[in-house]
Amino acid sequence: MRHMANREAEIEALRRAISVCRVCRDAPAKREGDRLPHEPRPVAVLSRTARVLIAGQAPGLRVHESGLPFNDASGNRLRDWMGVNREEFYDRERFAIVPMGFCFPGYDAKGSDLPPRRECAPLWRSRAISAMPQIELILAVGGYAHAWHLGARRRKGMTETVANWREYFFANEGPRILPLPHPSWRNTSWLRKNPWFEAEILPVLRQNVDSLIR
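All of these numbers come straight from a predicted model, not from anything done at the bench.

Trainee: Go over the packing of aromatic side chains with me, naming the residues and quoting the values.
Mentor: Applying the stated rule across the entire model yields ten aromatic pairs. Between the aromatic rings of Trp165 and Phe169, the centroid separation amounts to 5.7 Å while the plane-to-plane angle is 65°, which identifies the pairing as edge-to-face. Taken together, the residues Trp165 and Phe169, both in helix H9 (residues 165-169) and four residues apart, mark about one turn of the helix. Exposure remark for Phe169: the relative accessible area of 5% places this residue in the buried category. Through a chain of ring-to-ring contacts, three or more aromatic side chains come together here, namely Phe70, Phe89, Tyr90 and Phe95. The positively charged end of Arg79 is found above the aromatic ring belonging to Phe89, 4.9 Å away from the centroid. When the ring centre of Trp148 is taken as origin, the NZ or CZ atom of Arg125, which lies over that ring, is 4.7 Å away.

Take a look at the structure:
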């Protein structure tokens, strides 16, 4: 019991530290002019019991406004892929959610979301994952998460990485890693061109998620 209480205290301390992080605004990694242009609102879900970790990219504007990760159309698609409802998805006893960047990075000149901030992952990800040794399955959502979780094992592009999912999922060390495309509407045409994703990977995804959260 003492061990569990210590772990919960460690996770709660980490949650508090993340919630007040302002490094991207106050000490930007690239240069003075690269400060986050709005008030940071870190969004991450840490858990002492969850066995599934969702590693996304960075919050969008709707997530920034609500404070709920994947509280948008991308989240609806991801939940459908996983075979879970909103209540299950937002149950921190079942799912941990640790994106590559915790804050909405803003938009580029074309109105698209900027990449995850460079400050976040080096500062927080190893600490967050180390605090959750019970994680058995990591859903690496999108290219930035592929790069961080797969390292040199990642293939050249997103399609090739996802297509070779067995290489990572059945590795003999650490949690299973399942690389996924980002569930953004921008990948709708990719899903149509690659029907093997829904036919081959979604059944594995749903079966494993179900076995770990029920």
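Trainee: Lay out the pairing of strand S3 (residues 137-141) in plain terms, naming residues and giving numbers.
Mentor: Of all five residues that make up S3, five are buried, and the element is covered over most of its length. Every second residue of S3 is oriented toward a common face, with Leu137, Leu139 and Val141 on one face and Ile138 and Ala140 on the other, all of them buried. Where strand S1 (residues 52-55) meets S3, four bridges bridge the pair, whose relative direction is parallel. Counterpart to Leu53 in the pairing with S3 is Ile138. As paired elements, S3 and strand S4 (residues 176-180) share five bridges and run parallel to each other. The residue of S4 that forms the bridge with Leu137 is Arg176.

About the thresholds
- Residues numbered from 1 in each chain as written.
- Predicted model: local features only at pLDDT ≥ 70, side-chain atom pairs only at ≥ 80, totals over all residues.
- Heavy atoms only, no water.
- Phe/Tyr/Trp six-rings, centres within 6.5 Å; stacked < 30°, edge-to-face > 60°.
- Helix = DSSP H or I, 4+ residues; strand = E, 2+ residues; numbered from the N terminus.
- Buried < 20%, exposed > 50% of the residue type's maximum accessible area, 1.4 Å probe, protein only.
- Lys NZ or Arg CZ within 6 Å of the ring centre and 35° of its normal.
- Pairing = 2+ DSSP bridges.

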